[in-house]
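# Descriptive analysis of the structure
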Amino acid sequence: MTRGVRPPAILLVGTGDTKADELTYMAEKIQEAGGRPVMMDVSVLGDPPYIPEHDKHAVAAAAETTIEAIAASGDENTAMSAMALGASTLARQLHERGEIDGALILGGTMGTDLALDVALALPLGVPKFVVSTISYSHLVPPERVAADLMMILWAGGLYGLNETCRAVLSQACGAVVGAARSAQRPLQARPVVAMSSLGKSCLSYMVRLRPELEKRGYEVVVFHTTGMGGRALEALAAQKRFAAVLDFSLQEVANHLNGSVVTSGADRLESAGLAGIPQIVAPGAIDMVDFPTWQPVPAQFADRPYHAHNRLLASVTTGPDGRREVAREIGRKLAKATGPVTFLLPNGGIQQWDQEGEPLHDPESLAAFLDEMRQTVPANAELVEINGHINSAEFTDTALALFDRWVAAGIIEPGAPAAEGAAA
């Protein structure tokens with residue numbers, strides 16, 4: 001890459017047959033911001049009034065088909081799915097050849113469907129911006145959101161240019177050019193260890209674990225498990241970005257199981273295992289189910305302890321049956337792992353507020369979870385029980401000892417030497 005020497009090349013993707021005015025306006029704004037637009041047309045039936053660098057025939061060819069065959073399908077969903085495959089494949093190839101530095105994709109529901117695939121095809125650190133009429137909508141499933149995706153709502157963008165949507169489109173163009181100029185791609189000079197957690201008032205093990213792992217020569221990345229944090233962990237694990245995963249906060253598994261919108265998708269706690277990445281897993285905060293504070297408490301939890309974290313997020317706790325169910329779900333997910341797995345079971349509690357004297361203390365429900373978990377940890381996983389709480393020194397000591405044992409056995413890649421780590 002020669003970013004800083006030449007203008008950043010921004011892949012601009014859209015259906016030029018229906019959104020030519022918007023796309024040509026965006027190309028102009030990219031140039032004004034100091035970038036160079038690289039147009040990709042994903043139209044199916046018509047042709048744009050401009051000549052794109054990558055036309056619909058090239059997109060179809062990247063999907064190993066022809067635009068005529070795609071059009072002949074007669075079904076818009078099938079056609080756009082084929083174009084999404086071609087666009088994402090071609091975008092990845094352009095990036096690998098050093099021909100683009102970022103991507104900006106425009107669309108309604110159809111274009112957003114395609115845009116999510118294009119964004120996922122580009123690695124972390126490559127700016128990817130989606131302008132969509134459904135930005136931030138629950139129509140966008142978390143498992144299709146790239147770890148560093150940026151979105152902006154395409155206000156007033158249903159049909160044609162106007163001053164409202166120009167304000168939005170111009171911001172998007174400036175943002176992606178600026179990001180392409182300043183983005184720092186991950187160097188990965190040290191092996192990366194992923195860790196999941198909530199805020200330290202609830203789960204505090206990372207306060208001790210992070211510096212200890214850094215002393216050992218690892219880059220530690222902590223993911224906040226409030227839906228999209230777990231999604232980012234899963235996405236990067238699927239790309240095999242981690243030397244090891246310490247997945248100690250599994251609340252998103254409980255959320256998804258109980259129909260919460262605070263979800264990371266159905267595959268939470270699966271990607272690292274399927275990728276063969278060594279995992280140490282613990283059941284942090286699986287007793288809580290989140291929902292928006294601004295909505296009523298879900299009827300099935302009306303009689304359970306309730307805590308409003310802020311004006312956005314509230315939690316209720318599940319009873320014995322709910323915790324047995326999530327234990328079984330954790331067991332099913334761990335059984336899919338192809339790499340080494342150890343499950344740490346802290347018998348003293350799984351989040352700060354479940355201890356004696358705290359508002360969410362529920363020893364009967366905790367006992368039900370522990371009992372079910374002992375029965376459901378699969379044969380491919382090692383079960384290690386700890387008498388202490390998940391926030392105790394006993395828990396962190398056990399986790400570190402296991403980590404060190406796996407490094408000594410060659411299961412986890414050794415950390416970088418201190419001098420190299422400092423240079424990173």
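Residues numbered from 1 in each chain as written. Predicted model: local features only at pLDDT ≥ 70, side-chain atom pairs only at ≥ 80, totals over all residues. Heavy atoms only, no water.

Let us now look at the sheet that holds strand β12 (residues 313-317). Judged by pairing direction, the sheet is antiparallel, and its three strands sit side by side in the order β10-β12-β11 without closing on themselves. Strand pairing shows two members of the sheet lacking a second neighbour, β10 (288-292) and β11 (306-308), which therefore form its edges. The sheet shows a mean angle of 25° between the axes of neighbouring strands, direction not considered. As paired strands, β10 and β12 are joined by five bridges and run antiparallel to one another. Looking at β12, one finds that Met 288 is bridged to Thr 317. (Pairing = 2+ DSSP bridges. Helix = DSSP H or I, 4+ residues; strand = E, 2+ residues; numbered from the N terminus. Axes fitted to C-alpha atoms, helices over the stretch in contact; angles between N-to-C directions.)

One face of the sheet, then the other: side chains in a regular strand alternate in exactly this way. A large share of strand β13 (residues 341-346) lies buried, amounting to six of its six residues. In terms of strand pairing, strand β9 (residues 279-284) meets β13 through three bridges, oriented parallel. Residue pairing across strands places Gln 279 opposite Val 341, the latter belonging to β13. Across six bridges, the pairing between β13 and strand β14 (residues 381-386) is parallel. (Buried < 20%, exposed > 50% of the residue type's maximum accessible area, 1.4 Å probe, protein only.)

Let us look at the sheet that holds β9. Strand order in the open sheet formed by six strands is β7-β6-β8-β9-β13-β14, with parallel pairing between adjacent strands. In the strand order of this sheet, the two ends are held by β7 (219-224) and β14, each with one partner. Taken pair by pair, the neighbouring strands of this sheet meet at an average axis angle of 20°, ignoring direction. In the sheet, strand β6 (residues 192-197) pairs with strand β8 (residues 244-249) via four bridges, with the strands oriented parallel. Residue pairing across strands places Val 193 opposite Ala 244, the latter belonging to β8. Against the sheet, helix α7 (residues 206-215) engages β6, β7 and β8, with an angle of about 180° to β6. Lying on the sheet, helix α12 (residues 363-376) is in contact with β9, β13 and β14; it crosses β13 at an angle near 155°. (Contact = heavy atoms within 4.5 Å.)

Among the nonpolar cores identified, the biggest contains 37 residues, and Leu 11, Met 40, Val 42, Met 83, Ile 105, Leu 114 and Leu 149 are the most heavily contacted of them. Of all the secondary-structure elements, those providing two or more residues to this core are β1 (9-14), β2 (36-41), α2 (56-62), α3 (67-72), α4 (76-96), β3 (102-107) and α5 (109-121). Among the elements that make up this core, the one with the highest residue count is α4 (eight residues). With near-sequence residues (within four places) excluded, Val 42 lies in contact with Val 13, Gly 14, Thr 15, Val 59, Met 80, Met 83, Ala 87 and Leu 114. Counting 30 residues, the second-largest nonpolar core is a separate cluster that includes Tyr 205, Ala 282, Leu 400 and Trp 406. (Core = buried A, V, L, I, M, F, W, Y, C linked by side-chain atoms within 4.5 Å.)

Every α-helix winds through 3.6 residues per turn, so residues three or four apart in the chain are directed the same way. In this model helix α1 (residues 20-32) runs 18 Å from its N-terminal to its C-terminal C-alpha over 13 residues, within 8% of the 18 Å that 1.5 Å per residue would give. Within the span of α1, buried status applies to Ala 20, Glu 22, Leu 23, Tyr 25, Met 26, Ala 27 and Ile 30. Its buried side turned inward, α1 meets β1, β2, β3, β4 (128-132) and α6 (163-182). (Expected span 1.5 Å × (residues − 1).)

What follows concerns the layout of surface pockets. Estimates place the volume of the largest pocket at around 930 Å³. Among the secondary structure elements, those contributing two or more residues to the lining of the largest pocket are α9 (251-257), β10 and β12. It is β10 that provides the largest number of residues to the lining of the largest pocket, a total of four residues. Taken together, the residues of the lining of the largest pocket sort by class into 22 nonpolar, 16 polar and three charged. By volume, the second largest pocket is sized at about 490 Å³. Taken together, 30 residues line the second largest pocket, and the ones lying closest to its centre are Thr 15, Thr 18, Glu 76, Met 80 and Met 110. Taken together, the elements giving at least two residues each to the lining of the second largest pocket come down to β1, α3, α4, β3 and α5. Here the element with the most residues in the lining of the second largest pocket is α5; it accounts for four residues. (1 Å grid on protein atoms, 1.4 Å probe; cavity = no way out; pocket = protein on both sides within 12 Å on 5 of 7 lines; lining within 4 Å. Points joined across faces, edges and corners; volume = space filled by probe spheres on them. Nonpolar A, V, L, I, M, F, W, Y, C, P; charged D, E, K, R; others polar.)

All right, on to the pairing of β2 then. Taking burial as the measure, the six residues of β2 include five buried ones, the bulk of the element. In this structure, β1 lies alongside β2, joined through six bridges in parallel fashion. Note that in β2 the partner of Leu 12 across the bridge is Met 39. Following the chain from β1 across α1 to the adjacent parallel β2, one finds a crossover that is right-handed. (Right-handed = clockwise from strand over helix to strand, strands pointing away.)

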